[in-house]
Structure formats: structure tokens, C-alpha cells
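Descriptive analysis of the structure
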Amino acid sequence: MFPELNNLLNTTPPGVEQGKLTLLCDAKTDGSFLVHHFLSFYLKANCKVCFVALVQSFSHYNIVGQKLGVSLTMARERGQLVFLEGLKSSVDVFFQAQEEPHPLQFLREASAGNLEPLYQFVREALKPVDNEEATWKCPVLLVDDLSVLLSLGLGAVAVLDFIHYCRATVCQELKGNVVALVHDSGDAEDEENDILLNGLSHQSHLILRAEGLATGFCKDVHGQLRILWRRPLKPTAQRDRSLTYQYKIQDKSVSFFAKGMSPAVL
Amino acid sequence: MAAEATCGSGAASTKSVAEAARKSNITSFQRRGPKAGGTESSGPRLVSIAGTRPSLRNGQLLVSTGLPALDQLLGGGLAVGTVLLIEEDKYDVYSSLLFKYFLAEGLINGHVLLVASAKEDPANILQELPAPLLDDNYKKEFDEEVCDHQTPETNTKMKIAWRYQLLPKMKTGPVSSSRFGHYYDVSKRMPQELLEASNCHGFFLPQKMSSNLKVEPCSLIHGYTKLLQFIQNTIYEEGFDGSNPQKKQKNILRIGIQNLGSPLWGDDVCCTENCNNSHSLTKFLYVLRGLLRTSLSACIITMPTHLIQNKAIISRVTNLSDTVVGLESFIGSERETNPLYKDYHGLIHIRQIPRLNNLICDESDVKDLAFKLKRKLFIIERLHLPPDLSDTVSRSSKQDLAESAKLLGPGCGMMAGGKKHLDF
């Protein structure tokens, strides 16, 4: 959790908003720091988190999480975190036929698969349990990242359907949040990815877009973050405002500053 | 400790040197001397596997790519459990060289090799590996030589300019400072006895395809499925995954896959833009990465990305690999005759460095890198423009040069484009 990003987004772990879809997007840079932020944020906020991690291994997320002050192993033991490790389970699914349908069953299927098993997995994971007397605040689904699903042979429409189902269940029914990362392929003309990105941008309440600098690599400024709020119900000055900040990622935190106000430049 | 590390071999001489060093250095703050690659047993306790070292930044175990200069650019080396993707140059001249360096480095360190190819028999690839510039016998002699030289030196104290005594001893010749990363002589072949001693698994697609005609319906191209099964079998049987504890010394599996995605593998991504099985390649990479992450192995893949018709696939493949290095040779292009590049044979682009156990990655500040192949060595260095020595260069030709400099790789191109766009 980066306190500076919380300030920019005007949130704190105790005051989590509910029923929101947050879209994380990165273009020409790596936006994984945003995933780490939201993971530690919701774990600190005492939410029940289902993390579909398709990019890295559990130990990677755990070690970065420890730097940000949360322990994923502890959270998993407490039952607060349900972790689906895509890389590890892909090997199991690919080499051994499973008896019950695995969330990543589509890896084995020759035709374009569907994501229903994955959705069932999410629903099971976040379903409120009676005997736990509601220790967790609200359920959260976190996906890193949706573009991998396209690479694994799923169509953009299938992924959009999946997110729509998850929104209906997590955001509406359970009053929770959904956070998902999508790569922006930029000039690579990845049509499927563009459909997915545009479709999600249309639905989401908050878009965080990390971009590499147009002028290229810089040692002291790693990129810029654009924050786009979509609050159709609040006819105030805050509505549809977009903010741009530049950022520098440090070992355990990220510092944000206004454009051109990098400490290295001043 | 420091002195012990400085000359590892020769137990008797080591002791005397160590004592001498202890007497001369009273302070407890000592510079850790570079380890001059002694016997494996005298290595530091942390590293139990030959040819590996832990990363300073993220604690990952690193292996060398076989090119110390490239190791440095990639943040110390290639992390175990990750994929290094080499984007081939147009004629696959230099990328196959990097491929061989990677395998040769594994052979020298006694790692298990797995070579997969659809074009050449893996045995032939192994035959063509470059020879290391320093074999063990020569190294021992070299170490003894260094030790002999040092013993009198440490005893005599400098009267004037005593500060120079603290400076590390200069090493002559291309001796790597440790067992991590060696230099190779591309003009010579790897000695036969080393090849025979190695443990190598070859995967030659035509052989594997003919051996088994039973094709089960799967989501992947048949060749990729076979290769994944082969890799998984090797990992399981040799015990590179933690589940099956290794009986002997722990070891690293080095996987090399040549020309992945080329038509010879049965893939059509290189032929048409809208191919039927465009997801085979990306799925293969994903499962391969899953296999690597759960085992003690590192993988190098060369891929003819310039042949892949659909750009979207390239960007997906990049996202699914860990480290991506692009090679761009000047052979056959107009840059070959351009006076700007007369010192180099091509450009090397570090396109992606993984962020492992960390928020940031070890990115080097230098983005404009060029390589050249000397008679024996493959060299990567910072791209420099040659000095303009002539007085009579006309203004117009200078501008031509400047224009062509703008056409450099993305690193330079972005800087040139910066004229119309300023971030700060």
C-alpha cells in the first residue's frame, strides 16, 4: 500500500468504498506496482480477497507484500486470502487430467474455452460463510492480469462476460469490489486486447492508467499515472475529472509528483 | 577470509598468505576480495551449486548467460526459473551465437543441458559450442602464479604511496573473477572430453514426431506438446523439481530452444497474419514458464520475431517472457556501409527485464548498445559515434549522418523524437 496513492485517490483502508470496478491499465511500462498496492490495501482493510494471479508465482507476491507490510501466507492461513496461482496450476492442468473441473480447465481444451469454472471458483471463494460471523469487511476480486487470458486462447468477449458475471456477483450481490489489470498493447494492433480494454473502460468506476514517458527511459521518473474518475451520480466539480501525475518507484514505496516536479529536476 | 578467497587453490600457500594478510590488516572492515575461482569446495557457503550466485537485489539464484557483459546488463545474470527470449537477427547469425554461449556456460559448470531444435540435430549444436578461454588446468597454473606473486608482495610494505597497497591486484588476461560467467573463444570448438562428460538431453523434432504417430487432440500444436512433455519428464526424472528430492549434488537444468515459432515447428504464425493456431505459441510459453518456476532451471529461447506476421503475437510473447533481448545485425542493411557504425556489427536492445520479488527492476542507464564479433570474442559495448577527424567534411554530409543516427534503435529514436515532445 502506497500512502501517497491513497492520498491521490482520497481513500484510506478503513473507509473502503463498495461496489466499484477499478481498471488498472499499463502502456509501454509495467503497471504491476498498482496490483501490489491494491492487494496490500484490501488486505489491510480487512477485506476478504480472492486473487487470481496469472503472471507471477506466489512467493513473488508474498515477498513484495512483505515489503509493503502485509503477509500473504498469514492472510491465506487466516482464510482472508484465496490465491489462485496460474503458473503452477497451468502445469497441473496441462499434464494431468483433472477429475473435477479446474478453474483453468480451458488450457486443455482445443476449442475456444469458456471461463465458467473460473467464475465458479471466484464465487465459491467470496461466498459469505455463516459460521465465520462476518469477520471480513467486504469481498474483493483482484485479477493480474486479464491480457494473459487472451494469450491463453480465450476471446475478448469471453473475458468481458467473465468480468460482467463477477461484477454482478461481487459488486452487486455481495457489495464488494473488483480490480483488474489489462495491458494496453499500444501500437501493436492487438484487436482482441483493444476490445477488452475499451469494454472494461466503459464499465469501470475508476481507471488508473500507468504510461511510460513518451520521451523514453528516465532514471528518476518511471512514468506517469493518469487517474480517471467516473462518477455519474455526483454532479459536482469532481465529476469526470482526470489527473496526471508522474511517479518514481522506490524499493518499498512509490512517490508521486506533479508533472515536471521531479526532485531530480528541481 | 578475504585472502583465502583471493587464491583458493594450493592449501599450503593459502595459509601463509592468509596469516600475512591478517597481520597486515588490523581493521575488521575488510574489502571482500574477488574470488579467483578456486575449487568448488572453497566457495562461499550460500552457493551450493556451481556456476550460480544469489542476486544482490532480490535474493534470486542467478546463472550466467555465458556473456559476462550481457549478465551485467540484465542485472547480474539470468534468474533461475525464468525465460530469456532472444529476438533473432535477420539471418540468425548472432542469435545462434548467444544460444551457444548459454549452453557452453552450462557445460563448463557441469549443468544438465536440454537442447531442443527443429532444424539441427542437438548433437551437432553441441559439437559447435565455443571453447572456454580458460580450462581448469590452465586456471590452476594461473592461480598458482598469482599466489606466488602475491606472497612476496604482501610481505613488503610500501614506504611511500602506501595507499596503493589497499588497491585490489590487477588481473591480467580475460579471467573471470569467479566461477560465474566465462569467456569463450568462438574460433575454437569445445574440447571433446568436456562434451563427453556432459549430461545432455536432446530434443530433435523430426525424430520425436516419427517415433510416435498417435496424436491426441490437444489445444497445442503437436510439436509443442511433445516438447513440453519432454521437458517435464526431464525435470521430473532428474529431480529438478523440489518434490522429488535430488540424491546427488543439486544442479541446474539449462534449456535451450532454437527458432521457436518458425514454420519447422509446425507453427503458422510466421506465414499468415490470421493463423488458425495463434494461441499455441503463447500457451506453450505460459506452460513452459509454469514448469520453470517450479524447478531449478533456466531457459533460453531464440525466436524469429521478424518473421511473425501479426504484431499482436509479438507483444503477447514479450509479455509472457521474463527477459527479452533483441538483436539487430547490420548484415545486408545499408548500415553495414554507414561510416557511423563501422566499428560494430549490430545493435542489441534490452527490451524487458523482469521484476522479481521486487517493485523495480535492475535497469541499466545505458540504452544504446552495440555488439561486435571480434576474431575470438563477442563484445557488447555502449554505442559511440566515431570522432569526426576530417576538416573538410561538408555540412550536408554531416546532416546525413545525423539523420541516420536518428534511425537508431528505439532508445535513440525516442530521444530524437523528444524535440517535439517534452515530458519535463
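A short tour of the structure in this document, coming up. The structure presented is a predicted model; accordingly, all values stated were derived computationally and were not measured. (Residues numbered from 1 in each chain as written. Chains lettered and ligands numbered in written order. Predicted model: local features only at pLDDT ≥ 70, side-chain atom pairs only at ≥ 80, totals over all residues. Heavy atoms only, no water.)

Next up on the list: unusual backbone geometry. In this structure, the amide linkage connecting Asp 144 of chain A to the following residue, Asp 145 of chain A, adopts the cis form with an omega of -20°. Structurally, Asp 145 of chain A is set in the loop between strand S4 (139–144) and helix H7 (146–151). A positive phi angle is found at Asn 46 of chain A, which is not glycine, with a value near 65°. Here the phi dihedral of Asn 357 of chain B falls at roughly 55°; this positive angle occurs in a residue that is not glycine. Along the chain, the position of Asn 357 of chain B falls in the loop between strand S12 (346–352) and strand S13 (369–373). Judged by its relative accessible area of 7%, Asn 357 of chain B is buried. (Helix = DSSP H or I, 4+ residues; strand = E, 2+ residues; numbered from the N terminus. Buried < 20%, exposed > 50% of the residue type's maximum accessible area, 1.4 Å probe, protein only.)

Counting from both sides, the interface comprises 57 residues of chain A and, opposite them, 40 residues of chain B. Buried area between chain A and chain B, both sides added, is near 4,000 Å², and the carbon and sulfur share of it is 63%. Between chain A and chain B we count 1 salt bridge in total. Put simply, Arg 316 of chain B and Asp 190 of chain A hold a salt bridge, and the shortest N to O gap is 2.9 Å. (Contact = heavy atoms within 4.5 Å. Buried area = accessible area lost by both parts, 1.4 Å probe. Salt bridge = Lys/Arg side-chain N within 4 Å of Asp/Glu carboxyl O.)

Aromatic ring pairs are described here by two measures, namely the spacing of the ring centres and the angle between the planes. Residue and element names in this part refer to chain A. Going through the model one piece at a time under the given rule, you end up with 21 aromatic pairs over all chains. For the ring pair Phe 94 and Phe 95, a centre distance of 5.2 Å and an interplane angle of 85° mean the geometry is edge-to-face. For the residue pair Phe 94 and Phe 95, the accessibility class agrees, reading buried in each case. Ring geometry for Tyr 119 versus Tyr 165: centroids 5.3 Å apart, planes at 55°, classification tilted. (Phe/Tyr/Trp six-rings, centres within 6.5 Å; stacked < 30°, edge-to-face > 60°.)

What follows concerns the sheet that holds strand S1 (residues 52–54) of chain B. Picture the strands of a sheet paired through backbone hydrogen bonds; they go either parallel or antiparallel. Residue and element names in this part refer to chain B. The strand order across the open sheet built from 3 strands is S1-S2-S3, with neighbouring strands paired in antiparallel fashion. Unpaired on one side and paired on the other, S1 and strand S3 (78–79) mark the two borders of the sheet. In this sheet, strand S2 (residues 61–63) lies alongside S1 in antiparallel orientation, the contact comprising 3 bridges. When the sheet's bridge partners are listed, Pro 54 is paired in S2 with Leu 61. (Pairing = 2+ DSSP bridges.)

Further remarks concern the nonpolar core. Ranked by size, the top nonpolar core spans 176 residues in total, and within it Phe 33, Phe 51 and Leu 146 of chain A together with Ile 257 and Trp 265 of chain B carry the most contacts. Residue contributions to this core peak at 10 residues, all from helix H4 (residues 94–108) of chain B. Grouped together as the second largest cluster of nonpolar side chains are 7 residues, Leu 340, Tyr 341, Tyr 344 and Leu 347 of chain B included. (Core = buried A, V, L, I, M, F, W, Y, C linked by side-chain atoms within 4.5 Å.)

All names here are of chain B. All told, the structure shown has 16 salt bridges over all chains when counted by the stated rule. For the salt bridge of Lys 376 with Asp 185, the shortest nitrogen-to-oxygen distance reads 3.9 Å. Placement of the pair is Lys 376 in the loop between S13 and strand S14 (378–382) and Asp 185 in strand S7 (residues 184–189), with a sequence separation of 191 residues. Residue Lys 376 is classed as partly exposed on the basis of its relative accessible area of 29%.

All names here are of chain A. A rise of 1.5 Å per residue sets the reference length of helix H8 (residues 156–173), with its 18 residues, at 26 Å; its end C-alpha atoms lie 25 Å apart and thus fit the reference within 8%. Most pronounced at Arg 167, the bend in H8 amounts to some 25°. Among all positions in H8, only Ala 156, Val 159, Leu 160, Phe 162, Ile 163, Cys 166, Thr 169, Val 170 and Cys 171 are buried. Where H8 is buried, its residues contact helix H6 (116–126), S4, H7, strand S5 (177–184) and helix H9 (191–203). (Expected span 1.5 Å × (residues − 1). Bend = angle between axes of the 7 residues up to and from the residue.)

Looking now at the environment of His 306 of chain B. All names here are of chain B. Tracing the backbone through its elements, the reader meets His 306 in the loop between strand S10 (297–303) and helix H11 (311–320). In this structure His 306 comes out as partly exposed when scored by relative accessible area, which is 40%. For the pair His 306 and Val 186, spaced 120 residues apart in sequence, the C-alpha separation works out to 26 Å. With residues up to four places along the chain from it excluded, the contact list for His 306 reads Glu 88, Asp 89 and Lys 90. Only 3.4 Å separates the side chain of His 306 from the backbone oxygen of Lys 90, close enough to count as a polar contact. (Polar contact = N/O pair within 3.5 Å; in protein donor to acceptor, adjacent residues only side chain to side chain.)

Residues and elements named next belong to chain B. Taken in spatial order, the 9 strands line up as S8-S5-S9-S10-S4-S11-S12-S13-S14 in an open sheet, and their pairing is mixed. Two strands lie at the open edges of the sheet, namely strand S8 (200–204) and S14, each paired on one side alone. Each strand of the sheet is rotated relative to its neighbour by a mean of 20°, with strand direction disregarded. Sheet analysis places strand S4 (residues 83–87) next to strand S11 (residues 323–329), joined by 4 bridges and oriented parallel. Within S11, the residue paired with Ile 86 across the bridge is Val 325. Against the sheet, helix H9 (residues 222–237) contacts strand S5 (112–117), S8, strand S9 (253–257) and S10, and its axis sits at roughly 170° relative to S8. Its contacts with the sheet place helix H10 (residues 278–293) against S4, S9 and S10, and it is angled at close to 160° to S10. (Axes fitted to C-alpha atoms, helices over the stretch in contact; angles between N-to-C directions.)

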